[in-house]
Amino acid sequence: MPRLSEVTAALAALWPASLAEGWDAVGTVAGDPDAQVGRVLFAVDPVQEIVDEAVKLGADLLITHHPLYLRGTTTVAASTFKGRVVHTLIKNDIALHVAHTNADKADPGVSDALAGALGLRVVRPLVPDPADPAGRRGLGRICELDHPVTLRELAGTAADRLPATAQGIRVAGDLDATIRTVAVSGGSGDSLFDDVRAAGVDAFLTADLRHHPVSEAREHSSLALLDAAHWATEWPWCELAASQLEQISDREGWGLRVHVSRTPTDPWTAHAASNSPLTTFGAPN
Ligand SMILES: [Zn+2]
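These numbers were taken from a predicted model, which means no experiment stands behind them.

1. A few points about the nonpolar core
Counting residues in hydrophobic clusters, the biggest one holds 81 residues, and the most contacted among them are Val 40, Leu 62, Val 182, Ala 203 and Leu 226. Sorting elements by how many residues they give to this core places helix H9 (residues 230-252) first, with eight residues.

The following block contains the structure:
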């Protein structure tokens, strides 16, 4: 069995910390570098339910996309929910490692996994990393469809292929519009509207879109928008990342058991549909 330090060195090669945004907190959050790792669990969120799942599974390492602590803390008392997570991890000899914006920008990264889940062919990053001469790293991905679909069909595909959530897929645009190119970005994509408009794509699929940016984008252009649950857009990365770690384990002869949590940690848990059917949402007539 490899030591934690050997596994995290391999993870650092997949998702170099240097790719992370300056405000981010990536890397090992808890764990003894000399501890042995046999079983690994991937998940989006380091919440108590996921840590309890790691305990039940007998995992030695939990790898999450979202950081546990982003802004620092002065306490890990178990009276706070994050402190309880830390206590549960340490009491059960489970390490926690985070790959966040470094996994977003990596090649392959979070948006490659999202595009893959939707069956979209990635052409290039939406916001290329200027430090990558190959032009493959960066935020978001621009994708082409081998066969054009309607916005209605694209929304249906997203609803079918992304993990189920209370929200489902919100759509802005003419449902009968033809979609040939799509920008995708796992997680909150609000800040990428200028890049999406500059890319001239037919549709943008992301999460956490707010009223004003969406309204302005719709007034400016015919850009169609698809808004999925944040968790659902990032979960496909867990499967991609798990397969990457399994390949490394096979190559190194580590014999790791690698699992992906299927527990939904989208904080929204219910949805009351309005009386209007989907077909009337945003349709011109
Ligand atoms: Zn996220």
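2. Some details on the packing of helix H5 (residues 110-118) against H9
Orientation of H5 relative to H9, taken along the N-to-C sense of each, is 100 degrees, at an axis distance of 7 Å. Accordingly, the angle class assigned to the pair H5 and H9 is roughly perpendicular. Contacts between H5 and H9 involve Val 110, Asp 112, Ala 113, Leu 114, Gly 116 and Ala 117 from the former and Thr 233, Glu 234, Pro 236, Trp 237, Glu 239 and Leu 240 from the latter. Within the contact of H5 with H9, the residues separate by chemical class into seven nonpolar, two polar and three charged.

3. Concerning the packing of helix H2 (residues 48-57) against helix H3 (residues 81-91)
H3 packs onto H2 with a crossing angle of 10 degrees between their chain directions and a minimal axis gap of 10 Å. Viewed along their axes, H2 and H3 adopt a mutual orientation that is roughly parallel. Of H3, the residues touching H2 (which contributes Gln 48, Val 51 and Val 55) are Phe 81, Arg 84, Val 85, Thr 88 and Leu 89. Grouping the constituent residues of the contact of H2 with H3 by class yields five nonpolar, two polar and one charged.

4. What about the environment of His 147?
In this structure, His 147 sits in strand S6 (residues 138-150). A residue is classified by how many C-beta atoms lie within 10 Å of it, and His 147, with 6 of them, is exposed. Sequence separation of His 147 and Asp 194 is 47 residues, and the distance between their C-alpha atoms is 26 Å.

5. Remarks on the pairing of strand S9 (residues 203-207)
Here S9 lies mainly inside the structure; five of its five residues are buried. Burial along S9 is two-sided: Ala 203, Leu 205 and Ala 207 and Phe 204 and Thr 206, pointing in opposite directions, are all buried. Sheet analysis places strand S8 (residues 178-188) next to S9, joined by four bridges and oriented parallel. Paired with Val 184 across the bridge in S9 is Leu 205. Remark: the S8/helix H7 (residues 193-199)/S9 crossover connection has right-handed handedness. Here five bridges tie S9 to strand S10 (residues 224-228), and the two strands are oriented parallel to one another. Bridged to Ala 203 within S10 is Ala 224. Traced from S9 through helix H8 (residues 211-220) to S10, the parallel crossover comes out right-handed.

6. Notes on the domain arrangement of the protein
Domain boundaries assigned for the protein yield domain 1 (4-103 + 234-259) and domain 2 (107-228). The distance between the C-alpha centroids of domain 1 and domain 2 comes to 27 Å. With eight residues of domain 1 in contact, the opposing surface of domain 2 contributes 12 residues. Per-element accounting of the side of domain 1 that touches domain 2 gives the leading share, six residues, to H9.

7. Some points on the sheet that holds strand S2 (residues 39-43)
Pairing is mixed across the open sheet formed by five strands, whose spatial order is S1-S4-S3-S2-S11. Only two strands of the sheet have a single partner each, and these edge strands are strand S1 (27-30) and strand S11 (257-260). Direction aside, the axes of adjacent strands within the sheet are offset by 25 degrees on average. With four bridges connecting them, S2 and strand S3 (residues 61-64) associate as parallel partners. Among the inter-strand pairings, Ala 43 is bridged to a residue of S3, identified as Thr 64. Across the face of the sheet, helix H1 (residues 4-14) comes into contact with S1, S3 and strand S4 (95-98) while running at roughly 10 degrees to S4.

8. Quick look at the confidence of the model for the protein
For the protein, the mean per-residue pLDDT works out to 95, and 96% of the residues sit at or above 70. Segment residues 280-285 is flagged for pLDDT under 50; beyond a separation of four residues in sequence, or across chains, it makes eight contacts in the model.

9. Some remarks on the environment of Phe 42
By the element assignment, Phe 42 lies in strand S2. Each C-alpha atom of the pair Phe 42 and Gly 135 lies 28 Å from the other, and the pair is 93 residues apart in sequence. Among all residues touching Phe 42, those that are not within four sequence positions of it are Ile 63, Cys 238, Ala 241, Ala 242, Val 260 and Ser 261.

The rules we used
- Residues numbered from 1 in each chain as written.
- Predicted model: local features only at pLDDT ≥ 70, side-chain atom pairs only at ≥ 80, totals over all residues.
- Core = buried A, V, L, I, M, F, W, Y, C linked by C-beta atoms within 7 Å.
- Buried ≥ 20, exposed ≤ 12 C-beta atoms within 10 Å, placed from the backbone.
- Helix = DSSP H or I, 4+ residues; strand = E, 2+ residues; numbered from the N terminus.
- Axes fitted to C-alpha atoms, helices over the stretch in contact; angles between N-to-C directions.
- Parallel < 35°, antiparallel > 145°, perpendicular 65-115°, else oblique.
- Contact = placed C-beta atoms within 7 Å.
- Nonpolar A, V, L, I, M, F, W, Y, C, P; charged D, E, K, R; others polar.
- Pairing = 2+ DSSP bridges.
- Right-handed = clockwise from strand over helix to strand, strands pointing away.
- Domains from an automatic or database assignment.
- pLDDT = per-residue confidence, 0-100.

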